[in-house]
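# A structural walkthrough
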Amino acid sequence: AVRVNESYGSAASYNYMVEKLGFTTLTQRDSQKSGNMGLGGYDVGVTTEEMAAAYAAIANDGIVMNPYVVSQVLSPEGTVVNTTQPRSLGQAVSSTTASQVKEAMLEVVENGTGSAAQVSGVQVAGKTGTAEVGDGTPTVAIAVVVENYNENGVSAASVAGEVLAAALAAQG
């Protein structure tokens, strides 16, 4: 990430994250941070929801979707009152690039540092506390933030694995 940031420049990286990925919490001062930006050294940073949407774009052929928390509202009787309609924010990367990144992220979970996020019978792709799942048709994107890791010993990958298993079970 640092090399990419240095190759394109902090201002171009900043513009890409705001315009293509839809990040809303970056500041103009962030656009001046060369090496720090590639490592996530921002004034405010990006939200967990924005990171999940960015990683979900990798599984979605490079297309970023507007993130949302509630997919449906049900009445007390169980009938659907409202359904959130998915909305594209646009093509962030080419489908070829998305495929290459997805393969690398699959490797992280299958044979690398994200192995604790594995779910039996499901392909899981992940990087540093975020995970995506799908069998060609992604259904879940998860972002996990673990603060004070050295104090509590809980890894983002293990939390992501548990949340992912529960989400898939709820989907049926």
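Residues numbered from 1 in each chain as written. Predicted model: local features only at pLDDT ≥ 70, side-chain atom pairs only at ≥ 80, totals over all residues. Heavy atoms only, no water.

## Topic: helix α7 (residues 156-171)
This is how it is decided: Helix and strand assignments come from DSSP, with helices taken as H or I runs of at least 4 residues and strands as E runs of at least 2, each series counted from the N terminus. A helix's residues, less one, multiplied by 1.5 Å, set its expected span. Each residue is assigned to one of three classes by its accessible area relative to the maximum for its type, calculated with a 1.4 Å probe on protein chains only: buried under 20%, partly exposed between the two thresholds, exposed over 50%. As used here, the arc is the angular range of directions from the helix axis to the C-beta atoms.
Given a rise of 1.5 Å per residue, 16 residues ought to cover 22 Å, and the 22 Å separating the end C-alpha atoms of α7 matches this to within 8%. Along α7, the residues classified as buried are Ala156, Ala157, Ala160, Gly161, Leu164 and Leu168. Down the axis of α7, the sector holding all buried residues measures 130°, keeping them to one side. Turned more than 90 degrees away from the buried face of α7 sit Glu162, Ala169 and Ala170, all of them exposed.

## Some words on the nonpolar core
Applied cut-off: Note on terminology: a nonpolar core comprises buried Ala, Val, Leu, Ile, Met, Phe, Trp, Tyr and Cys residues joined through side-chain atoms within 4.5 Å. By definition in these notes, contact holds between two residues if any of their heavy atoms fall within 4.5 Å.
With 12 residues, the main nonpolar core is built from Val109, Ala117, Val119, Val124, Val140, Ile142, Val144, Ala156, Ala157, Ala160, Leu164 and Leu168. Taken together, the elements giving at least two residues each to this core come down to β7 (140-143) and α7. Top element by residues in this core is α7. It accounts for five residues. Setting aside its immediate chain neighbours within four residues, valine 119 contacts Val124, Gly161, Leu164, Ala165 and Leu168. With nine residues, the next largest nonpolar core counts Tyr14, Phe23, Leu26 and Val64 among its residues.

## Overview of the packing of helix α4 (residues 48-59) against helix α5 (residues 95-111)
Our working definition: Axes here refer to lines fitted to C-alpha atoms; in helices the fit is confined to the stretch in contact. Angles between the N-to-C directions go from 0 to 180 degrees. The cut-offs work like this: below 35 degrees is roughly parallel, past 145 is roughly antiparallel, 65 to 115 is roughly perpendicular, and the gaps in between are oblique. In this classification, Asp, Glu, Lys and Arg are treated as charged, Ala, Val, Leu, Ile, Met, Phe, Trp, Tyr, Cys and Pro as nonpolar, and every other residue, Gly included, as polar.
At a minimum axis distance of 7 Å, the contact between α4 and α5 shows a crossing angle of 105°. Here α5 runs roughly perpendicular to α4, going by the angle between their axes. Contact residues: Tyr55, Ala57, Ile58 and Ala59 in α4; Ala98, Val101, Lys102 and Met105 in α5. A breakdown of the residues in the contact of α4 with α5 according to their chemical character gives seven nonpolar, no polar and one charged.

## Observations regarding the environment of phenylalanine 23
In this structure, phenylalanine 23 sits in the loop between α2 (10-19) and α3 (34-38). Separated by 27 residues in sequence, phenylalanine 23 and glutamate 50 place their C-alpha atoms 6.2 Å apart. Apart from residues no more than four positions distant in its own chain, phenylalanine 23 is found in contact with Met17, Val18, Val46, Glu50, Met51 and Ala54.

## Some points on a nonpolar patch on the surface
The line we're drawing: Like charges within 9 Å and nonpolar side chains (Val, Leu, Ile, Met, Phe, Trp, Tyr) within 5 Å are joined into patches, using only residues over 30% in relative accessible area that form no salt bridge. Areas reported as accessible are Shrake-Rupley estimates using a 1.4 Å probe. Residue values count occlusion only from the protein chains shown. One side-chain nitrogen of Lys or Arg within 4 Å of one carboxyl oxygen of Asp or Glu is enough to make a salt bridge.
There is a patch of nonpolar side chains on the surface, built from Val69, Val70, Val73 and Val81 and spanning about 370 Å² of accessible area. Topologically, valine 73 is positioned in strand β2 (residues 72-74). According to the relative accessible area criterion, valine 73 is partly exposed, its value standing at 38%.

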